[in-house]
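# Coordinate inspection notes
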Amino acid sequence: MTFDWNVRVYDYNDRIKNLSAMAKGKVKSNKFFPVFIEDGKEKVLKPLSKTKPFTTPYFAYSEVFWSTITAKYFDKDTPIYQLAICDNIGEAMESKYPQGTIVDSLQKPGYRLINLYEIFTEHKDSAVNIEDYVNFCMKFYDYTFIFDSKLMKENESLSRKLATQILLSILKIDQNYHYENPLFYEKDGIITDIAPMIDHEFSTMFLFPEDENENVKHFNSGIESLVMPKNDPSDIFVQLRYEAFATFSKNLDIIIERYPETAEKFLENLNCFIRDFQKEPLLFENHNYITPFNSSNFMIGHALYKENDIEKANKLRNRLEQYYPSIEEISSKIYLQVLTSSITLEQEMEKRLVK
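Because the structure is predicted, anything quoted here is derived from the model rather than measured. (Residues numbered from 1 in each chain as written. Predicted model: local features only at pLDDT ≥ 70, side-chain atom pairs only at ≥ 80, totals over all residues. Heavy atoms only, no water.)

### Examining the overall build of the protein
For the protein, the count of helices and strands is 12 helices and 9 strands. Relative to its length of 355 residues, the protein is compact, with a C-alpha radius of gyration of 20 Å against a globular reference of 20 Å. Oriented by its inertia axes, the alpha-carbon framework of the protein measures out at about 55 × 50 × 40 Å. Out of the 355 residues in the protein, the part that is buried amounts to 51%. Within the protein, residue pairs in contact and separated by at least 24 positions form 73% of the contacts whose partners lie at least 6 positions apart. When the accessible surface of the protein is totalled, it reaches about 17000 Å², and 49% of it is carbon and sulfur. Once the 42 positive and 54 negative side-chain charges of the protein are each reduced to a mean point, those two points are 3 Å apart. (Helix = DSSP H or I, 4+ residues; strand = E, 2+ residues; numbered from the N terminus. Rg over C-alpha atoms; globule rule 2.2 N^0.38 Å. Buried < 20%, exposed > 50% of the residue type's maximum accessible area, 1.4 Å probe, protein only. Contact = heavy atoms within 4.5 Å. Areas by Shrake-Rupley, 256 points an atom, 1.4 Å probe, with all protein chains shown as cover. Lys, Arg positive; Asp, Glu negative; His and termini not counted. Charge placed at Lys NZ, Arg CZ, Asp CG, Glu CD.)

Right under this line is the structure:
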């Protein structure tokens, strides 16, 4: 299985514009992404953030890995991320690292990109109440009620494509697949299609690469959320635990129940991915991209850029040890976790489809 770990180098001063995006949930933020022209196409550079929780260089590796897998096995239209470094970005965007990724723009002439949260705040639906949702990382989001909306019930193509993206979020054990992640194309006030999947940073396998205990803890919680049963006559508390903790399992159940053909197609593609992935180990490459890191470095960024507290930032900088784990060891651990997640999802889907 081939991955491109080469690093593209850009100069912030050569950009044609900045693409702006605003998070519109309860926690609002403005994001700016430099845009470059390459081979007549707009390319969006996504720099790693010094303030985003738990950011390490492996956020970028996750983007490359999962976009490559998704494009090859699940949706050929998925834009593939590439590792990138942007020179001179620090002068204009102090809260960004020079390291990041570059990817084809999703924008299309005549269409507006609109996320799921915006759709249901602009077009109220009694089945969907997400106006007050807060974008938390390290959280699995419930999408079951989304499929009860008028939009999804009347547009089976949209609902099936969204179901596929939710299944991919489960495969990745995405700790932040929130309601502003799924993007749709809108023209003249009508939702016409769902955009290909982007944003693969918070895959659990790629989190806390320097802290095995923390990584394994979150990985296990993701697996438990997936395999937690809905019914068990021998345990009167199963249903309560299912409702409280089995977010992945609940999302999977409703997709299997309402869109079995979509689930079967996804399972077929998942089988192919597992078969190919088992043939050879995963090995990341570091072309002068990875620098020493700590998953808690974002706390320094918060102190500097959100609290304007230089003294606090310096104390944190002195306290937080920087790590540079072997890329071979990281590759091996992520490979085994991806394989475990994939096989677990495969088994759970097969079990539910038989029922």
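### A word on the packing of aromatic side chains
Tallying each qualifying case throughout the model produces 31 aromatic pairs. Ring centres 5.1 Å apart and planes at 20 degrees place the aromatic pair Phe3 and Phe65 in the stacked group. On the criterion of sequence distance, the pair formed by Phe3 in the segment before strand E1 (7–11) and Phe65 in helix H1 (residues 58–73) is long-range, its members being 62 residues apart. Each ring, one from Phe65 and one from Phe277, has its centre 6.0 Å from the other, and the planes form 65 degrees; the classification is edge-to-face. (Phe/Tyr/Trp six-rings, centres within 6.5 Å; stacked < 30°, edge-to-face > 60°.)

### A look at the sheet that holds strand E7 (residues 112–115)
Pairing is antiparallel in the open sheet, where 3 strands are placed in the order E7-E8-E9. Unpaired on one side and paired on the other, E7 and strand E9 (190–194) mark the two borders of the sheet. Averaged over all neighbouring strand pairs, the angle between strand axes comes to 40 degrees, with direction disregarded. On the sheet, helix H5 (residues 156–171) packs against strand E8 (183–187) and E9 and is oriented at approximately 45 degrees with respect to E9. (Pairing = 2+ DSSP bridges. Axes fitted to C-alpha atoms, helices over the stretch in contact; angles between N-to-C directions.)

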